[in-house]
Amino acid sequence: MLTKLAKSCRIDFLDNGKTTLLNGEDVSDSLRTPEIDRAIVDIAKTPEVRHEMVKQQRRIGEKGGIIVEGRDVTTVVFPDADLKFYINASVEERAKRRFAEQKTRGIETTLEQVEKEIRDRDQMDESREHSPLRTAEDAIVIDTTSMTINQAVDFVLNRVEVG
């Protein structure tokens, strides 16, 4: 059933990726909710669904000139990308950032719950059989734990200009 649903979906982006459309409907605000985070772990285990999502991502990126983020983008979706960055931060820092984001959106949770969800998701993604989370050998690794968003962007832009 999930595979059939995935095959019938069309994903598009507007506004330089700020708006995500699913079959023409704006689902941007729904994507970063705790419910989606919890559900995606089980859905991501389904190889046929992952295959369909990779096809969608490749369709979107076929003309190039895009910036894509995701847990298997540099190893599975676009393994031949010109530049690859693996951007990470400590679990604690990612939890603080996600908690602050959820607070501004009115989502009730605790920092401890967010941190647990991130740890669980990392463990599931790293140990799944198909397309496990890993760093591409040729990726530039950036630990943003102690960086501001502007510092991280500057770091990437410097590498893009050099690369």
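Cut-offs and rules
- Residues numbered from 1 in each chain as written.
- Predicted model: local features only at pLDDT ≥ 70, side-chain atom pairs only at ≥ 80, totals over all residues.
- Heavy atoms only, no water.
- Helix = DSSP H or I, 4+ residues; strand = E, 2+ residues; numbered from the N terminus.
- Rg over C-alpha atoms; globule rule 2.2 N^0.38 Å.
- Buried < 20%, exposed > 50% of the residue type's maximum accessible area, 1.4 Å probe, protein only.
- Contact = heavy atoms within 4.5 Å.
- Areas by Shrake-Rupley, 256 points an atom, 1.4 Å probe, with all protein chains shown as cover.
- Lys, Arg positive; Asp, Glu negative; His and termini not counted.
- Charge placed at Lys NZ, Arg CZ, Asp CG, Glu CD.
- UniProt positions renumbered as here; feature names shortened; annotations may be inferred.
- Axes fitted to C-alpha atoms, helices over the stretch in contact; angles between N-to-C directions.
- Parallel < 35°, antiparallel > 145°, perpendicular 65-115°, else oblique.
- Left-handed = near helix turned anticlockwise from the far one by under 90°.
- Nonpolar A, V, L, I, M, F, W, Y, C, P; charged D, E, K, R; others polar.
- Polar contact = N/O pair within 3.5 Å; in protein donor to acceptor, adjacent residues only side chain to side chain.
- Pairing = 2+ DSSP bridges.

Tell me about the overall build of the chain, residues and numbers included.
In terms of helices and strands, the chain carries 7 helices and 5 strands. Traced from its N-terminal end to its C-terminal end, the chain shows the element sequence α-β-β-β-α-α-α-β-α-α-β-α. A compact globule built from 163 residues would reach a C-alpha radius of gyration of about 15 Å, and the chain, at 16 Å, matches this within 12%. Seen through its principal axes, the chain has C-alpha atoms that stretch 45 × 40 × 35 Å. Looking at the chain as a whole, 31% of its 163 residues qualify as buried. Across the chain, contacts joining residues at least 24 apart in sequence account for 59% of those joining residues at least 6 apart. Accessible area of the chain: about 11200 Å², with a carbon and sulfur share of 52%. Side-chain charges of the chain comprise 26 positive and 32 negative groups, with the mean position of each set lying 2 Å from the other.

For the UniProt feature "domain: Cytidylate kinase" (unreviewed entry) in the chain, give the residues involved together with the corresponding values.
The UniProt record annotates "domain: Cytidylate kinase" (unreviewed entry) at residues 2-160. Between the C-alpha atoms that bound residues 2-160 there is a distance of 38 Å. The span itself is 50% helix and 11% strand.

Give a description of the packing of helix α2 (residues 34-43) against helix α6 (residues 111-127) that names residues and reports values.
The contact between α2 and α6 brings their axes to 10 Å, and the two run at 20°. For the element pair α2 / α6, the angle class is roughly parallel. Of the two elements, α2 crosses α6, and the hand of that crossing is left-handed. Packed against α2, whose contacting residues are Pro34, Asp37, Arg38, Ile40, Val41 and Asp42, the element α6 presents Glu117, Arg121 and Met124 at the interface. Across the contact of α2 with α6, the residue classes tally to 4 nonpolar, no polar and 5 charged.

Could you give me a rundown of the side chain of arginine 50, with the residues and numbers involved?
Checked against the element boundaries, arginine 50 lands in helix α3 (residues 47-61). Owing to a relative accessible area of 14%, arginine 50 belongs among the buried residues under this scheme. At 2.4 Å, the side chain of arginine 50 forms a polar contact with the side chain of aspartate 72. In this view, arginine 50 contacts Ala44, Asp72, Arg128, His130 and Ser131; residues no more than four positions away in its chain are not counted.

Explain the sheet that holds strand β3 (residues 25-26) to me, using residue names and the numbers behind them.
Overall, antiparallel pairing links the 3 strands, which are arranged β1-β2-β3 in an open sheet. Of all the strands in the sheet, just β1 (11-14) and β3 have a single pairing partner and so form its edges. Judged from the 4 bridges that link them, β1 and strand β2 (residues 19-22) form a sheet pairing that is antiparallel. Residue leucine 14 lies in a different strand from β2, and its bridge partner there is threonine 19.

How would you explain the side chain of aspartate 72 if you had to name every residue and give the values?
Residue position: aspartate 72 is located in the loop between α3 and α4 (73-77). Classification of aspartate 72 as buried rests on a relative accessible area of 7%.

Give a description of the environment of threonine 3 that names residues and reports values.
Along the polypeptide, threonine 3 turns up in helix α1 (residues 2-8). Counting along the chain gives 47 residues from threonine 3 to arginine 50, while the straight-line C-alpha distance between them is 8.8 Å. Once you skip the residues sitting within four places of it in the chain, threonine 3 turns out to touch Thr46, Glu48 and Val49.

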